[in-house]
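Each chain, letter by letter, is given below.
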Number of protein chains: 2
Amino acid sequence: MFYSSPPYSPITPQILADIRNAVGEDALIEDPAKLEEYGKDATDHRQTPAIVVRAVSAAQVQALLRLANVHRFPVTPRGLGTGLAGGSVPSPGGVVLSLERMNRILSIDTDNLIAVVEPGVINLDLKKAAQSKGLFYPPDPASLETCSIGGNAATNAGGPACIKYGTTRDYVLGLEAVLPTGEIMEMGVQTRKGVVGYDLTHLMVGSEGTLGVITRLILKLIPNPVSVNTLVVLFPELSMAMKAVTSILVSGHIPSALEFLDRRCLELVGDLLPFEGARDAAALLVLEVDGLPGITERELEKIGEICLENGALDAFFAPDSHKRSQMWEVRRQVSVRIERDWPLYVPEDVVVPIGRIADFVDGLPALEELYEMKIYSFGHAGDGNIHVSVTAESRDLAGKVEKGIRAVLARALSMGGTISGEHGIGIAKKQFLPMELSTESIRIQKEIKRIFDPNMILNPGKIFD
Amino acid sequence: MFYSSPPYSPITPQILADIRNAVGEDALIEDPAKLEEYGKDATDHRQTPAIVVRAVSAAQVQALLRLANVHRFPVTPRGLGTGLAGGSVPSPGGVVLSLERMNRILSIDTDNLIAVVEPGVINLDLKKAAQSKGLFYPPDPASLETCSIGGNAATNAGGPACIKYGTTRDYVLGLEAVLPTGEIMEMGVQTRKGVVGYDLTHLMVGSEGTLGVITRLILKLIPNPVSVNTLVVLFPELSMAMKAVTSILVSGHIPSALEFLDRRCLELVGDLLPFEGARDAAALLVLEVDGLPGITERELEKIGEICLENGALDAFFAPDSHKRSQMWEVRRQVSVRIERDWPLYVPEDVVVPIGRIADFVDGLPALEELYEMKIYSFGHAGDGNIHVSVTAESRDLAGKVEKGIRAVLARALSMGGTISGEHGIGIAKKQFLPMELSTESIRIQKEIKRIFDPNMILNPGKIFD
């Protein structure tokens, strides 16, 4: 039928010659040992591409995509391969289009609070460049030291700062993309606002490299909050921690981070905390407030009081940046240790209404037993975004665990939630898409895909078939 | 050709009977005297509809749109008619679908900081309902006392708060819409995050009622800033005021409003200011800081100092809410007095990079002379969004003024700006669209329209033909 995979061509010697001719020898990787590196992201999904094109310009991207239409071969764009849904894992026998060399920060404009960057810029590099000029680029996915801004935009990446500052979408004002047909198109604006025509920019954001290849981004920067303070709070029950979260928000405070770890996470990493009592607690909150010096401390004290009023066992202020890093390191080590300890690890990423987080987590043990999984829950309490880390004793349990994951996702949906808050669908969650979206919604999305990519050459098979 | 207007049917007695049967007598307005009211918005555009359907449910909207497809008559959705681009002015001989009676706030959820509302809810009513529960709905178009949330979403409305809080887009988490084909579709999420599939929600936002009729909105609320303080600053030159704006931002302050008036506006309304000296100044800034009590005052003092360092003539704090309203009233009276004083008045709405505002405004006198216009400039300094109010001595000058407006818009575009920051395109700016968007971009947008609305029955002729 109309939307099934077209018969793609393999990369024949003739096609390879055409590609070489179009993008130049320097851009090509053909060495099988090196190709493997470009066949994976941060999931377990693997697919070695036929070749890799490492573009340095939109013109090269254009040339490659035009050839892809002529010869009908699949092209998968790739930032720095830190995705958590397989979105940049290539199609069998296809081409990976790496944007890693397009990594220049073209401008940081302090008069207009705007940055113009190429897609391969590392998130942290942009943060630092902005900060050195008194400005701030807020989106902060966990992989910020290694992930690319282009990939962040393609997946609409979020992070702890989302509660106060929103996701990548909120910072992309405009972009240049090469459409699958080879057309280079400017979308959006170079200003802080714009409502001219349909919002193609934000249709591109979050489309996981299926509607176009982003080759330049115009990003909103904001004033840099000079001061940041951190507080860690322990609770005897997760439900108490979550009551504290809503009390904090309704009292007029907007923390710049509001993270939680559940009991099982505390068992795993509690030893790393620079104070006692963590292993006896059932929940931990990491809270940050940013803003002007002298003000953030006072605000955080009030937040600490609200936590204690809501039954917290103890609250610890990080007195300096060293202690602050220590506390964040605990949060980061959760994923590291889970991966170390368990042969099977699937990082799920549901969102439920904030008020349902505790209820959601409390219902997981029943599912664990049913499907032979162990689940670690942590994440962004202020957004309701829970990183449900599903593990099992053996990879042989993968089939059973997938059924378990389906039950976990169904539970999130039954609470008015969503199956992905920041990771996206890619190939990892494609089979679950119809659990959340209606047939009509998927039909419309496929038709939009068809407008941009009539020959279905760009990242086919991602999000939907 | 494919995209030209299909031959629409007039509302014949038979079609009217079908509509009456489908939506019920109570929903219909046929009285010609009343119809006129539904044929206009806040522009000069007028077109009396054949009939008006005042829906109370998505089911009625669905029934009407299904009939529109069967009989091929145009339907124009309408909130409360405060638009500034003619987006809700009906097609000749067509039907107006008013959402004014769908005006219930369905829930304000303090656990999850989310509101669910029908599209006809007045912006200020939602603000008040949220505030009564310690929460805040930030978008604040100038018409907030009379405009609808549905209309705000359809146009992605902004306002002074945009500099700190963003536009309506940033608060729409999900929505229910009736597609032009009659399908009722849920889009987006009921949570604070979600990245499942293409972002149809934000494609709908800003689409000016051409892709679907919004029948329910799920909105993000945030903690209510308890304290708000206001400062008014006079400058001898607009360029000095704008230097102060960037100094304020780069120093780490994010005001919740940062408005400016130019010299001509001050001449018009300076007498209303509760202090001396305004008429001798060339620019005025109105600044607000919101947040926690005891903190906002101190921050505003620092901002006042930055203004004085940048050459401000004088700075006035509003000591109480009465003075605060007085200062805002001055800002509001600009449009009122322009409309009172000038027979021809076209409210344009460009955006330029913040650092180019003064340059942009300083270049307007040359265009004024050339095209016999007088231009008042005011607006959102922190966003670069300038409400360029173009006036002329007589309506007979309309043709010449349109050429002048084209020159004004071209000037904004040449500075990296956009032709509309908050008002949208509708019919008022349709002829200027190709100045900003490429042929390819318009082609793709028209194809998207065609996916949603194959028979082109919903608000045809808006944004593009």
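Residues numbered from 1 in each chain as written. Chains lettered and ligands numbered in written order. Predicted model: local features only at pLDDT ≥ 70, side-chain atom pairs only at ≥ 80, totals over all residues. Heavy atoms only, no water.

Some remarks on the interface of chain B and chain A
Filter applied, for reference: Contact between two residues is taken to exist if any of their heavy atoms lie within 4.5 Å; hydrogens are not considered. As used here, buried area is the combined drop in accessible area, with a 1.4 Å probe, of two parts when they are placed together. A pairing counts as a salt bridge when a side-chain nitrogen of Lys or Arg comes within 4 Å of a carboxyl oxygen of Asp or Glu.
Listed as interface residues are 84 residues of chain B and, on the opposing side, 84 residues of chain A. Summed over both partners, the interface of chain B with chain A comes to about 6800 Å²; 66% of that surface belongs to carbon and sulfur atoms. Looking only at chain B, the three residues that lose the most surface to chain A are Lys193, Val195 and Tyr198 of chain B, adding up to 14% of its buried area. Counting the contacts that link chain B with chain A gives 6 salt bridges. Here lysine 193 of chain B makes a salt bridge to aspartate 383 of chain A, at a shortest N to O gap of 3.5 Å.

Re unusual backbone geometry
Filter applied, for reference: Numbering of helices and strands starts at the N terminus; helices are DSSP runs of H or I of at least 4 residues and strands are runs of E of at least 2.
The backbone phi angle of glutamate 372 of chain A is positive, close to 50 degrees, even though this residue is not glycine. Tracing the chain through its elements places glutamate 372 of chain A in the loop between helix H13 (364–371) and strand S18 (374–380). The residue isoleucine 463 of chain B is not glycine, and still its phi comes out positive at about 70 degrees.

A few points about a positive patch on the surface
Put simply, the rule reads: Think of a patch as exposed residues, more than 30% relative accessible area, with no salt bridge, where like charges cluster within 9 Å and nonpolar side chains (Val, Leu, Ile, Met, Phe, Trp, Tyr) cluster within 5 Å. All accessibility values rest on the Shrake-Rupley procedure with a 1.4 Å probe; residue burial counts only the protein chains present in the view. Only four residue types enter the charge count: Lys and Arg as positive, Asp and Glu as negative, with His and the chain ends excluded. A charge is said to be at NZ when it belongs to Lys, at CZ for Arg, at CG for Asp and at CD for Glu.
Together, Arg298 and Lys302 of chain A together with Arg298 and Lys302 of chain B give the surface a local cluster of positive charge. Those elements that provide at least two residues to the positive patch are helix H10 (296–309) of chain A together with helix H10 (296–309) of chain B. Among the secondary structure elements, arginine 298 of chain B is positioned in helix H10.

Details of the sheet that holds strand S4 (residues 95–98) of chain B
All names here are of chain B. Our working rule: If DSSP finds at least two bridges between two strands, the strands pair.
On the basis of which strands lie adjacent, the open sheet formed by 4 strands has the order S1-S2-S4-S3 and mixed pairing. Of all the strands in the sheet, just strand S1 (28–29) and strand S3 (75–78) have a single pairing partner and so form its edges. Judged from the 4 bridges that link them, S3 and S4 form a sheet pairing that is parallel. Of the residues in S4, the one forming a bridge with threonine 76 is valine 96.

What to know about the nonpolar core
Side chains of nonpolar character tend, in soluble globular proteins, to be buried together. Our working definition: What is meant by a nonpolar core is a set of buried Ala, Val, Leu, Ile, Met, Phe, Trp, Tyr and Cys residues, joined one to another through side-chain atoms within 4.5 Å. Residue exposure (1.4 Å probe, protein chains only): buried if accessible area is under 20% of the type maximum, exposed if over 50%, otherwise partly exposed.
Judged by nonpolar contacts, the single largest core of 186 residues is most densely connected at Phe360, Ile448 and Phe452 of chain A together with Leu287, Phe360, Ile448 and Phe452 of chain B. Those residues in contact with phenylalanine 452 of chain B, other than ones at most four positions away along the chain, are Ile444 and Ile448 of chain A together with Leu179, Pro180, Thr181, Leu200, Leu203, Met204 and Leu211 of chain B.

Comments concerning the packing of aromatic side chains
Both the distance between ring centres and the angle between the ring planes are used here to describe each pair of aromatic rings. Residue and element names in this part refer to chain A. The condition is simple: When the centres of two rings from Phe, Tyr and Trp lie within 6.5 Å, Trp using its six-membered ring, the rings pair. Their planes under 30 degrees apart give stacked, over 60 give edge-to-face, and anything left gives tilted. Placement of a positive charge over a ring is assigned whenever Lys NZ or Arg CZ falls within 6 Å of the ring centre and within 35 degrees of the normal to the ring plane.
Scanning the model with the defined rule gives 10 aromatic pairs over all chains in all. Note on phenylalanine 275 and phenylalanine 316: the rings are 3.5 Å apart at their centroids and 10 degrees apart in plane angle, and the pair reads as stacked. With phenylalanine 275 in the loop between helix H9 (263–269) and strand S14 (283–291) and phenylalanine 316 in strand S15 (residues 314–317), the pair connects residues that are 41 residues apart, well separated along the chain. Using a relative accessible area of 13% as the deciding quantity, one classes phenylalanine 275 as buried. Note that lysine 220 overlies the ring of tyrosine 171, its terminal NZ or CZ placed 5.8 Å from the centroid.

Considering a negative patch on the surface
Residue and element names in this part refer to chain A. Together, Glu297, Glu301, Glu305 and Glu309 give the surface a local cluster of negative charge. Mapping glutamate 309 onto the fold places it in helix H10. Residue classification places glutamate 309 among the exposed residues on the basis of a relative accessible area of 65%.

Points about the side chain of asparagine 459 of chain A
All names here are of chain A. Inclusion rule: Counting of polar contacts relies on pairs of N or O atoms within 3.5 Å, with two restrictions inside protein: one atom must be capable of donating a hydrogen and the other of accepting it, and residues adjacent in sequence are counted only when both atoms are side-chain atoms.
Mapped onto the fold, asparagine 459 is located in the segment after helix H16 (439–452). Among the residues examined, asparagine 459 registers a relative accessible area of 1% and is labelled buried. At 2.7 Å, the side chain of asparagine 459 and the side chain of lysine 462 are in polar contact. In this view, asparagine 459 contacts Val75, Thr76, Pro77, Gly87, Val89, Glu208, Gly209 and Thr210; residues no more than four positions away in its chain are not counted.

Considerations on helix H1 (residues 13–23) of chain B
It helps to recall that an α-helix has 3.6 residues per turn; residues three or four apart then point in one direction. All names here are of chain B. Quick note on the threshold: In this context, the arc is that of the directions from the helix axis out to the C-beta atoms.
Every buried residue belonging to H1 is among Ile15, Leu16, Ile19 and Val23, and all of these are buried. Projection of H1 onto a plane perpendicular to its axis shows the buried side chains occupying an angular sector of 100 degrees, all on one side. Exposed side chains of H1 directed beyond 90 degrees from the buried face belong to Pro13, Gln14 and Asn21. Considering only its buried residues, H1 is in contact with S1, strand S2 (51–54), helix H3 (58–71) and S4.

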